[in-house]
Amino acid sequence: MSDPIWGLLGSDAIPSQRRTRTLDIGSSIRFYNNLAVPGLGGIWFGKQLFLAMLGVSVAQEARERHGKSFNNIRTANAIEALACLLTLESTEWKSDPRLRGSTKMKSRHTGDYNFATISRPDFYVTQPMRMSTVQPLFALGLVREDSGSRFNSFKCSDEGNQFVYEFSREYGQCYYTSDLRDCLIKWVVEKSFYPKRSTVQEGLSPLEPLRQGASSYLRLLLERGGRCEDREDVTRRKNALAWMELLRAKSEQVISWDNKPPVISDDHWQDLRTGSLLFAARDMAIETLDIVEDHIFSLQKRRMELKQDVPFAIRESLQHLKETSQAFLDQAPKDEAGATFCREMAQGSTLQRLTNLVRRDELVLKFRGGAILPGPAFKKDDRQTGDEPIQDQPSDRSEEGNKIHWPDNISYRVRNLFLLNADLHGEIGDWLGDMESQTGDFNV
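Reference entry: report on the structure contained in this document. Values in this document were obtained by computation on a predicted structure and should not be read as measured data. Position labels on residues start from 1 in each chain and follow its written sequence. Only residues with pLDDT of 70 or above have their local features reported here, since the model is predicted, and side-chain atom pairs are shown and tallied only from 80 upward, although totals for entire chains, interfaces and linings are computed over all residues. Computation of side-chain values: all heavy atoms of the structure, hydrogens and water removed.

1. A few points about helix H14 (residues 336-346)
Selection criterion: Throughout, exposure labels follow a simple rule: accessible area from a 1.4 Å probe, protein chains only, divided by the maximum for the residue type, with under 20% read as buried, over 50% as exposed, and the rest as partly exposed. Every helix listed is a DSSP run of H or I at least four residues long, and every strand listed is a run of E at least two residues long, numbered separately from the N terminus. Each C-beta atom gives one direction from the helix axis, and the arc is the one those directions make. The contact criterion used is simple: two residues touch if any of their non-hydrogen atoms lie within 4.5 Å.
Burial in H14 covers these residues: Gly 338, Ala 339, Phe 341, Cys 342, Met 345 and Ala 346. Taken end-on, H14 shows its buried residues confined to a sector of 160 degrees, consistent with a single buried face. Against the buried residues of H14 lie helix H1 (26-36), helix H12 (266-298), helix H13 (312-329) and helix H15 (350-359). Looking one or two places after H14, you find Gly 348, whose phi comes out positive at around 95 degrees.

2. What to know about the packing of helix H2 (residues 46-66) against helix H7 (residues 158-168)
To keep things clear, this is the line we draw: Axis angles are defined between N-to-C directions and span 0 to 180 degrees, where every axis is a line fitted to C-alpha atoms and, for a helix, only to the segment in contact. Comment on the angle field: the value is read as roughly parallel under 35 degrees, roughly antiparallel over 145, roughly perpendicular from 65 to 115, and oblique elsewhere. Side-chain classes are defined by residue name, with Ala, Val, Leu, Ile, Met, Phe, Trp, Tyr, Cys and Pro counting as nonpolar, Asp, Glu, Lys and Arg as charged, and the others, Gly among them, as polar.
Look at H2 against H7: their axes get within 10 Å of each other, and the N-to-C directions meet at 110 degrees. If you check the angle between H2 and H7, you find them roughly perpendicular. On H7, the residues touching Lys 47, Leu 49, Phe 50, Met 53, Leu 54 and Ser 57 of H2 are Gly 160, Phe 163, Val 164, Phe 167 and Ser 168. Class assignment for the residues of the contact of H2 with H7 results in 7 nonpolar, 3 polar and 1 charged.

3. Some details on helix H10 (residues 212-224)
This is how it is decided: The span you would expect from a helix comes to 1.5 Å times its residue count less one.
The end-to-end C-alpha separation of H10 is 18 Å, in line with the 18 Å expected for 13 residues at 1.5 Å each. Looking at the buried residues of H10, the elements they touch are H2, H7, helix H11 (231-248) and helix H16 (412-424). Gly 225 lies just past H10 and shows a positive phi near 80 degrees.

4. Digging into the packing of aromatic side chains
What describes a pair of aromatic rings is the distance from one ring centre to the other and the angle between the planes of the rings. To keep things clear, this is the line we draw: Working definition: rings of Phe, Tyr and Trp (its six-membered ring) pair if their centres are within 6.5 Å, and the pair is stacked with planes under 30 degrees apart, edge-to-face with planes over 60 apart, and tilted otherwise. The rule for a charge over a ring is simple: NZ of Lys or CZ of Arg within 6 Å of the ring centre, and within 35 degrees of the ring normal.
With the rule as written, the count across this model stands at 13 aromatic pairs. Residues Phe 297 and Phe 378 carry aromatic rings whose centres are separated by 6.3 Å and whose planes lie at 40 degrees to one another, so their mutual orientation is tilted. With Phe 297 in helix H12 and Phe 378 in the loop between strand E4 (371-374) and strand E5 (404-405), this pair connects stretches of sequence that are 81 residues apart. Classification of Phe 297 by relative accessible area gives partly exposed; the value is 41%. With a centroid separation of 6.0 Å and 80 degrees between ring planes, the pair formed by Trp 406 and Phe 418 is classed as edge-to-face. Taken together, the residues span a long stretch of sequence, with Trp 406 in the loop between E5 and H16 and Phe 418 in helix H16 at a distance of 12 residues. Accessibility assignment for this pair places Trp 406 and Phe 418 in one class, buried. The ring of Phe 151 is capped by Arg 130, whose NZ or CZ atom sits 4.8 Å from the centre of that ring. Between the NZ or CZ atom of Arg 302 and the centre of the ring of Phe 297, over which it lies, the distance is 4.6 Å.

5. What to know about the environment of Ile 255
In this fold, Ile 255 is placed in the loop between strand E1 (253-254) and H12. Remark: the alpha-carbon pair of Ile 255 and Pro 407, spanning 152 residues in sequence, is separated by 5.8 Å. If near-sequence neighbours (up to four positions away) are discounted, Ile 255 is found in contact with Trp 243, Leu 247, Ile 404, His 405, Trp 406 and Pro 407.

6. Some points on the side chain of Lys 47
Note the threshold: In this tally, Asp and Glu contribute negative charge and Lys and Arg positive charge; neither His nor the terminal groups of the chain are included. Salt bridge, as applied in this entry: a Lys or Arg side-chain nitrogen positioned within 4 Å of an Asp or Glu carboxyl oxygen.
Residue placement: Lys 47 occurs in helix H2. Buried and without a salt bridge, Lys 47 has Glu 208 as its closest oppositely charged side chain, separated by 6.4 Å. Here Lys 47 is in contact with Phe 167, Glu 202, Gly 203, Leu 204, Ser 205, Pro 206, Glu 208, Leu 210 and Asp 423, once residues within four sequence places are set aside.

7. Description of unusual backbone geometry
A positive phi is found at Arg 302, a non-glycine position, where the angle reads about 50 degrees. Mapped onto the secondary structure, Arg 302 falls in the loop between H12 and strand E2 (304-305). The class for Arg 302 is partly exposed, based on a relative accessible area of 31%. One non-glycine residue with positive phi stands out, namely Glu 362, at about 60 degrees. The topology assignment puts Glu 362 in the loop between H15 and strand E3 (365-368). We classify Glu 362 as partly exposed; its relative accessible area is 30%.

Now the structure itself:
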């Protein structure tokens, strides 16, 4: 029997119906987020990327040394779970946005730290932080260009090996003369082996920033990019990182769409602005659907006939959606899928626009026989909760303690890059403050 592959959702393996409405514009959202900060994926602190890279390195070395099948995904997920478990135990299970799995692991952990136990699919969250690292691992050249685009097929490049080396050598003597990576290889291969707890906990802890060697090397990769990365993408990310460095120097400030930072090009700023208008239209569309859902919930038959007058609250929300969508269209957008969505929301009668919107849902609401009806996730209210984050959703945890006031609807990747830059300076805790644990990084 092959190792279980968890952290991947197949069409026949979705555990529950969630209220994540993509509205068929997921590709457009990703397009504008990537124009904002190319290659960043969903990462916002350095240990996310390192733990995933460490998983690839440990699995690859274990295969080469012992000739057995060691799965990248299972290994990386287990290392991430171990990192969060040891840290949560050391902090008496205090929540932090950089930790996942507190509720789930607290109920399942029995004091067994063996790889076989911690690597079980039911031990840790089903969507770990690793899932947000696939794009940056490839974009920054940490994995080989010929190793495919799936995490399970990744192999370390020279840059990836150097990144792991720069970090692991700063945590030597984990077990006799072994460094951190070698300890984890023994943990994976020998099953019952458990390395020196205090050193491993410090090295893996998501609350501990990368030390100087690994931090400097990651910054170099962010600015230099991978061999296969488009040079324009590299330039945009490098300039965005320089902008974040300027912002970091000030304790509090308000940024306006009318005041372009000098280090950002005109085209880049325009794409940031255009993307923000699509994000605003998307959010307004979801808000409108929520209002429609509330109305249907109040009806005895749970059925909204479109032959009847549309209630005022719905008409008002549709009008706001129309205006927001038109603002995006006025920017001559580069992405046709986003433009099509906004045309459907901006043109035609009220009933036509409402019908177009519901047809793009089909999850919470659906359109059948001239009426709007409850969909499979109607009023279930199971949006991201607890320790089961939905991959790549923006969260309030990137408001930097309200010290930076960003322009309306700016890409979450910009906020994440700010936090990543602060983390590379060992200052992320100063910006996160005492915020409660949040879930997920959205819209890669």
